Amino acid sequence: MGNARLQALRNNMKKEGVDVYYLNTSDYHMSEYVPEYFKTIAYFSYFTGSLATLLVTLNDAFIFVDGRYHNQADKQCLKNGVKVIKLGLKGSLEPIDFIKKYFANAVVGIDGKRTSMAFGKQLEDNHIAIKSIDLYSDIIENRAPLSSDRIYELSEEFTGLSRKKKIELITHCLGNKCHIVSNLESIAYLLNLRSSDILYTPVFLAYLVILDKKIYLFVDDKRFDETTLNKLHEDGVILFRYDEFYSFLANVVDKNIIIDENKVNYEIFNCIKDNNTVICNRSIIEDMKSIKNDVEQANIRLAHIYDGVAMLRFLMWLDNVDKSQYNEYQIARMIDKSRLNYKAFDLSFSSIVSYNENAAIIHYSPSKENSKQLDNHGILLMDTGGQYLYGTTDITRTVALGEVEPEVKKAFTLVLKSMFNISELKFIKGLSGNQIDVLARQDLWAHGYDYRHGTGHGVGYALSVHEGPPNIRWMHTEVKTEEVELKNGMVFSDEPGVYLDNKFGIRCENLLLCKNDYENEYGQFMKFETLTLVPFDLNLIDMNYMDDKTIKALNNYHEKVYITLLPYLNDTEAKYLKYLTRKI
């Protein structure tokens, strides 16, 4: 079936004179997670991860994936006629470099509305012949429709700032400049609106243009109730249909337009470049969104209390069942049920539950049809999260299901130390993620371990679980978010790991809030507040690899978990939590 689909695409390429066709996992808005309608790479390659690039030639197909997806892509793509390019390994080329090396004189086909401006300009700058054309839509059968669900408003009780105040702040900062906003999380944040167009990310498909201090929103107004619609009008938001966006841009002339070349598509750039001055900058909304205000911070703490209770109830259930009667998929659904039956209105991503060797696949996701049966030994990795009106959560716990090998305990203990190396850090204001990442890895590197992903990513407020710009990684990226200063109010993950192919995988993850600490003659010092409130499995710790600093940090953390969650628990749950958080 995979070969037949690729062949149909190649037939269209031949008709249109295209030598290489470029597809990515994005939508019209350069989103990481996308509606089902846009999952074209999954259709042609069967790869289901959230990030990849597919290049299809008249004879071959290549998928480019980062370290999170190396194993997954091998399993899903090779059997469907797609070769896997494993980014980050020696000799692997990025898609643009691959095209430059092998197809410099070819015609490269792209869908301009689903290709970033940045990538389109890279092709232009390298004098690659581009043909912007949709060659796939007429092939895909039973394509999912776009959502038309209700768009609802978050009150100041949750957001801390009114829509009107946010608009005033943004328009003041922009002055006379025009700003085109395509990023869905930024639009939802600025307007205090949410919906369900993307699974697990409560956003809606829309464009926004700030022009002459006026706000133009491109979305179907039938998706609002009358009250919300009236409030939007009162706050000066002018509505157009979603499909009127490009015709509107055609009439924008002689303006200084700010756009983020990584967050707008190539078609938008082509619409404005000839008649305006284009200024490429990260949107000020991105930076504003990343720094949670006092109300958001208080709410996020509450969201993590709710999340901690839900996870504790799941762990108590897991401890009291025969694991051999369940598979990974069933366990994932039990975690989901625990959250959704308590306070969460949705998950924040598809739950990752992986047993033993499957956990070495970093973003493994069990399916109903293909899921490993558990047993009463080995380890289980669970990377899960929830969406609450009070914030977004993301947590990973690795637990023992019975007896485990000494190497597993060693790796777990080193990963735990690595996580606390970050969360316990005090540092001078001005540092960025790439300057502290090494602290997470130093204990792992000392024993010959590493992990092929960043140590931390930003997290939104009832928005995307992956939010820029904060990023903790030593590896350099094109968008350079690892160089962004870590500021008071930013929330991000702390998630080192160890993954040994065909053996096991371990990850420990908490969310952290960056905060001002004290100030002295050397300047402002910073610290982290741990938000996540779920115990770690003490049965996996090998004391031979622990130190006094980590023991103290772990005991203090468990004490905080116990004290904070206790008022929300019944007697049985409290007793169980007391046991899980016992001092070592």
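Attention in this report is confined to the structure presented alongside it.

Quick notes on the rules
Residues numbered from 1 in each chain as written. Predicted model: local features only at pLDDT ≥ 70, side-chain atom pairs only at ≥ 80, totals over all residues. Heavy atoms only, no water. Salt bridge = Lys/Arg side-chain N within 4 Å of Asp/Glu carboxyl O. Helix = DSSP H or I, 4+ residues; strand = E, 2+ residues; numbered from the N terminus. Buried < 20%, exposed > 50% of the residue type's maximum accessible area, 1.4 Å probe, protein only. Pairing = 2+ DSSP bridges. Axes fitted to C-alpha atoms, helices over the stretch in contact; angles between N-to-C directions. Contact = heavy atoms within 4.5 Å. Disulfide = S-S within 2.5 Å. Polar contact = N/O pair within 3.5 Å; in protein donor to acceptor, adjacent residues only side chain to side chain. Phe/Tyr/Trp six-rings, centres within 6.5 Å; stacked < 30°, edge-to-face > 60°. Patch = residues over 30% accessible without salt bridge, like charges linked within 9 Å, V, L, I, M, F, W, Y side chains within 5 Å. Areas by Shrake-Rupley, 256 points an atom, 1.4 Å probe, with all protein chains shown as cover. Expected span 1.5 Å × (residues − 1). Parallel < 35°, antiparallel > 145°, perpendicular 65-115°, else oblique. Nonpolar A, V, L, I, M, F, W, Y, C, P; charged D, E, K, R; others polar. Lys, Arg positive; Asp, Glu negative; His and termini not counted.

**Digging into the pattern of salt bridges**
Any two side chains of opposite charge can pair, on the condition that their charged atoms come close.
Item 1. Counted by the stated rule, this structure contains 35 salt bridges.
Item 2. The partner of Glu-36 in a salt bridge is Lys-39, and the shortest N-O contact between them spans 3.0 Å.
Item 3. Between Glu-485 and Lys-429 there is a salt bridge, and its shortest N-O distance comes to 2.9 Å. You can see Glu-485 sitting in the loop between strand 23 (467-472) and strand 24 (491-494) and its partner Lys-429 sitting in the loop between strand 21 (427-428) and helix 16 (433-445), a full 56 residues away along the chain.
Item 4. Using a relative accessible area of 23% as the deciding quantity, one classes Glu-485 as partly exposed.
Item 5. Take Lys-429: its relative accessible area is 44%, and that puts it in the partly exposed class.
Item 6. Because the salt bridges share partners, they merge into one network encompassing Lys-263, Glu-286, Lys-289, Lys-292 and Glu-467.

**So, the sheet that holds strand 2 (residues 53-57)**
Item 1. The mixed open sheet is built from six strands, whose spatial order is 4-3-2-1-5-6. Edge positions in the sheet fall to strand 4 (83-86) and strand 6 (129-132), since each of these pairs with one other strand and no more. Averaged over all neighbouring strand pairs, the angle between strand axes comes to 25 degrees, with direction disregarded.
Item 2. Two elements, strand 3 (residues 61-65) and strand 4, share four bridges in a ladder whose sense is parallel. If you follow Phe-64 over to strand 4, its bridge partner there is Ile-85.

**Side note on the environment of Ile-259**
Item 1. For Ile-259, the location among the structural elements is in strand 13 (residues 256-259).
Item 2. Residues Ile-259 and Ile-180 lie 79 residues apart in sequence; the distance between their C-alpha atoms is 5.7 Å.
Item 3. Ile-259 has contacts with Met-117, Ile-180, Val-264, Ile-272, Val-278, Ile-279, Cys-280 and Asn-281, leaving out every residue within four places of it along the chain.

**Examining the state of the cysteines**
Item 1. Taken as a whole and assessed by the stated rule, the structure comprises zero disulfides.
Item 2. Not engaged in a disulfide, the cysteine Cys-271 finds its nearest cysteine sulfur in Cys-178; these two sulfurs lie 13 Å apart.

**Describing helix 5 (residues 117-125)**
Item 1. Met-117, Ala-118, Phe-119, Gly-120 and Leu-123 are the residues of helix 5 that are buried.
Item 2. His-127 sits one or two positions beyond helix 5 and adopts a positive phi of about 60 degrees.

**Some points on the side chain of Gln-387**
Item 1. Within the secondary structure, Gln-387 sits in strand 18 (residues 386-388).
Item 2. Among the polar contacts made by the side chain of Gln-387, one reaches the main-chain carbonyl oxygen of Tyr-200 at a distance of 2.9 Å.
Item 3. For Gln-387, the side chain forms a polar contact with the side chain of Thr-392, separated by 2.7 Å.
Item 4. Each residue touching Gln-387, except ones within four places of it in the same chain, is listed here: Tyr-200, Thr-201, Pro-202, Ala-344, Phe-345, Asp-346, Leu-347, Ser-348, Thr-392, Ala-462 and Leu-463.

**Considering the packing of aromatic side chains**
Item 1. What the rule picks out here adds up to 31 aromatic pairs.
Item 2. Here Tyr-28 and Phe-38 contribute two aromatic rings whose centre-to-centre distance is 4.7 Å and whose plane-to-plane angle is 85 degrees, an arrangement assigned as edge-to-face. A residue pair is termed long-range when its members are at least 10 positions apart, and Tyr-28 in the loop between strand 1 (20-24) and helix 2 (40-45) and Phe-38 in the loop between strand 1 and helix 2 qualify at ten residues.
Item 3. A centroid spacing of 6.3 Å and a plane angle of 70 degrees characterise the contact between Phe-420 and Tyr-557, whose relative ring orientation is edge-to-face. Of this pair, Phe-420 sits in helix 15 (residues 406-423) while Tyr-557 is found in helix 17 (residues 548-565), placing the two residues 137 residues apart along the sequence. The same class applies to Phe-420 and to Tyr-557, which are both buried.

**Overview of a nonpolar patch on the surface**
Item 1. A surface patch of nonpolar side chains, amounting to about 300 Å² of accessible area, comprises Val-438, Trp-445 and Trp-474.
Item 2. On the secondary structure map, Trp-474 appears in the loop between strand 23 and strand 24.
Item 3. Looking at Trp-474, the relative accessible area reads 42%, which means it is partly exposed.

**Brief notes about helix 17**
Item 1. A rise of 1.5 Å per residue sets the reference length of helix 17, with its 18 residues, at 26 Å; its end C-alpha atoms lie 26 Å apart and thus fit the reference within 8%.
Item 2. Residues of helix 17 that are buried include every one of Thr-550, Ile-551, Ala-553, Leu-554, Asn-555, Tyr-557, His-558, Val-561, Tyr-562 and Leu-565, and no others.
Item 3. Buried positions along helix 17 lie against helix 13 (294-319), strand 20 (395-400), helix 15, strand 27 (510-520), strand 28 (523-530) and helix 18 (571-580).

**Quick notes on the packing of helix 15 against helix 17**
Two measures define how a pair of helices packs: the angle their axes make with one another and the distance between the axes.
Item 1. Contact pair helix 15 / helix 17: the axes reach a minimum separation of 10 Å and the direction vectors enclose 80 degrees. Between helix 15 and helix 17, the interaxial angle falls into the category roughly perpendicular. From helix 15, Leu-416, Lys-417 and Phe-420 reach across to helix 17, where they touch Thr-550, Ala-553, Leu-554 and Tyr-557.
Item 2. Counted by class, the contact of helix 15 with helix 17 contains five nonpolar, one polar and one charged residues.

**Thoughts on the side chain of Glu-296**
Item 1. Mapped onto the elements, Glu-296 comes out in helix 13.
Item 2. Here Glu-296 sits buried without a salt bridge, and the closest side chain of opposite charge, Lys-166, lies 5.1 Å off (N-O distance).
Item 3. Every residue in contact with Glu-296, bar those within four places of it in the chain, is listed here: Phe-158, Thr-159, Tyr-189, Ile-291 and Tyr-461.

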